[in-house]
Amino acid sequence: MAILVCGGAGYVGSHCLEALIAAGYDCIVADNLSRGHRQAVGLAPLYVGDIADAAFLDRIFTENRVEAVLHFAASSQVGESMQNPILYYENNLSATVSLIKGMLRHGVKKIVFSSSAAVYGEPEALPILEDSPKAPTNPYGETKLAMERFMHWCDVAYGLKYISLRYFNAAGASPAGLIGEDHTPETHLIPLVLWAAQGKRDKVSIYGEDYPTSDGTCIRDYIHTSDLAEAHRLALQRLLAGGASDIFNLGSEQGLSVREIIETAREVTGVQFPVQTAPRRPGDPAVLIASNRKAREVLGWVPRHSDARSILSSAWAWHLSHPDGFGE
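For the protein, the count of helices and strands is 10 helices and 13 strands. Against the globule reference of 20 Å for 328 residues, the protein gives a C-alpha radius of gyration of 19 Å, in line with a compact fold. Dimensions of the protein, computed from the C-alpha atoms along their principal axes, are close to 55 × 40 × 40 Å. For the protein, buried positions account for 55% of its 328 residues. In the protein, 78% of the contacts between residues at least 6 apart in sequence involve partners at least 24 apart. A total accessible area of about 14000 Å² is found for the protein, and carbon and sulfur atoms account for 51% of it. Of the charged side chains in the protein, 28 are positive and 37 negative, and the gap between their average positions amounts to 4 Å.

We now examine the sheet that holds strand E6 (residues 161-167). Taking strand neighbours across the sheet as the criterion, the seven strands line up as E3-E2-E1-E4-E5-E6-E10 in an open arrangement whose pairing is parallel. Two strands bound the open sheet, and with one partner strand each, they are strand E3 (46-48) and strand E10 (246-250). Between one strand axis and the next, the sheet turns through 20° on average, direction left out of account. Pairing of strand E1 (residues 2-6) with strand E2 (residues 27-31), which is carried by four bridges, proceeds in the parallel orientation. Its bridge partner being in E2, Ile3 is matched across the sheet by Cys27. Contacts from helix H2 (residues 54-63) reach E1, E2, E3 and strand E4 (66-71) within the one sheet, and its direction differs from that of E3 by about 160°.

For the rest of this paragraph, the subject is the pattern of salt bridges. As enumerated under the stated definition, the model contains 13 salt bridges in all. Asp155 is the partner of Lys161 in a salt bridge, and the nearest nitrogen-oxygen pair spans 2.9 Å. In this structure Lys161 comes out as partly exposed when scored by relative accessible area, which is 29%. Residue Asp155 is classed as buried on the basis of its relative accessible area of 17%. We note a salt bridge from Arg280 to Asp210, for which the minimum N-O separation is 2.9 Å. Residue Arg280 is found in the loop between strand E12 (275-278) and strand E13 (287-288), and its partner Asp210 is found in the loop between strand E8 (204-207) and strand E9 (219-224); the two are separated by 70 residues along the sequence.

To continue, consider H2. The periodicity of an α-helix, 3.6 residues per turn, causes residues three or four places apart in sequence to face the same way. Buried within H2 are the following residues: Phe56, Leu57, Ile60 and Phe61. The buried residues of H2 occupy an angular sector of 125° when projected down its axis, which confines them to one face. Of the exposed residues in H2, those oriented more than 90 degrees away from the buried face are Ala55 and Thr62. Along its buried surface, H2 packs onto E1, E2, E3, E4 and helix H4 (85-105). At the N-terminal end of H2, a side-chain oxygen is found 3.0 Å from the backbone nitrogen of Ala55, two or three residues along, and the residue is Asp53.

Our next topic: H4. Taking 1.5 Å of rise per residue, the 21 residues of H4 would be expected to cover 30 Å, and the 29 Å separating its terminal C-alpha atoms lies within 8% of that figure. For H4, the principal kink sits at Ala95 and spans about 30°. Those residues of H4 that fall on the buried side of the exposure criterion are Tyr88, Asn92, Ala95, Thr96, Ser98, Leu99, Ile100, Gly102 and Met103. Residue Gly107 follows H4 closely and has a positive phi angle near 70°.

Going through the model one piece at a time under the given rule, you end up with two aromatic pairs. Lying across the ring of Tyr211, Arg280 places its NZ or CZ 3.9 Å from the centre. Sitting over the face of the ring of Phe248, Lys294 holds its NZ or CZ atom 5.1 Å from the ring centroid.

The rules behind each value
- Residues numbered from 1 in each chain as written.
- Predicted model: local features only at pLDDT ≥ 70, side-chain atom pairs only at ≥ 80, totals over all residues.
- Heavy atoms only, no water.
- Helix = DSSP H or I, 4+ residues; strand = E, 2+ residues; numbered from the N terminus.
- Rg over C-alpha atoms; globule rule 2.2 N^0.38 Å.
- Buried < 20%, exposed > 50% of the residue type's maximum accessible area, 1.4 Å probe, protein only.
- Contact = heavy atoms within 4.5 Å.
- Areas by Shrake-Rupley, 256 points an atom, 1.4 Å probe, with all protein chains shown as cover.
- Lys, Arg positive; Asp, Glu negative; His and termini not counted.
- Charge placed at Lys NZ, Arg CZ, Asp CG, Glu CD.
- Pairing = 2+ DSSP bridges.
- Axes fitted to C-alpha atoms, helices over the stretch in contact; angles between N-to-C directions.
- Salt bridge = Lys/Arg side-chain N within 4 Å of Asp/Glu carboxyl O.
- Arc of directions from axis to C-beta.
- Polar contact = N/O pair within 3.5 Å; in protein donor to acceptor, adjacent residues only side chain to side chain.
- Expected span 1.5 Å × (residues − 1).
- Bend = angle between axes of the 7 residues up to and from the residue.
- Phe/Tyr/Trp six-rings, centres within 6.5 Å; stacked < 30°, edge-to-face > 60°.
- Lys NZ or Arg CZ within 6 Å of the ring centre and 35° of its normal.

Here's what the structure looks like:
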């Protein structure tokens, strides 16, 4: 029996794929390579195509005995979602409908879903719990929430069992150094900071230094991709053992400010790259920190690599060994 990893050539998907293979799972990958990288898949069988294509899905399910699905295939840029919401409803929600219809056609009723803290919007209280109010502030978050609700009703109607993992700021690179973060365009703080250390950017911008935080910069909850991968493995294990549908936050419960990330990056790289202050970006909350208590208690998940130095050291090692990313 195989595990189908949709979006397994992407950043988080490829790290989870690597961890599942290391744990002994037989995995196959479906990815249209619009944002992912063929090299990130390694030796796993790769089907290149779109999960919105029913014939493409039927071919995968016909040629393989699929036991469960991990679903990472989605567009994930907040700014892009504001500019092109139609793309996000097509790539995220409509494609997920297609995927689950394909699963049900072939009797596959277990799925681990890559969700996001974006479903919460501006938090009313911290840390953020799974039952905290959901008020997405962008189409990306709206589509992730809609996908969760869709799977809930598919459980009610068809017995589809799902675990949705809402993670906060994914960061870092694989300990083996084979896969890391390579987006086009790149919008995430840590790779942008490391690009500045490499001389690929002339400076790093801090968007706002007047937030009600200890150093005036935004605070976020960063989670290492190795810890994310372990959570997905545990979620899959739970579903395969007959577990019920559920939702979990994945975060470290430790907030790191923009300035803390920058200073740790300077220590790790040994480079004093330039930093400039820029105006706040609209809609940036001051602090986002997850509660991971439920994941600890139910899944037995413990984040072990999500301190600032571990995250930045692993990411820096990957950037040094891959100065041009995957170079495809």
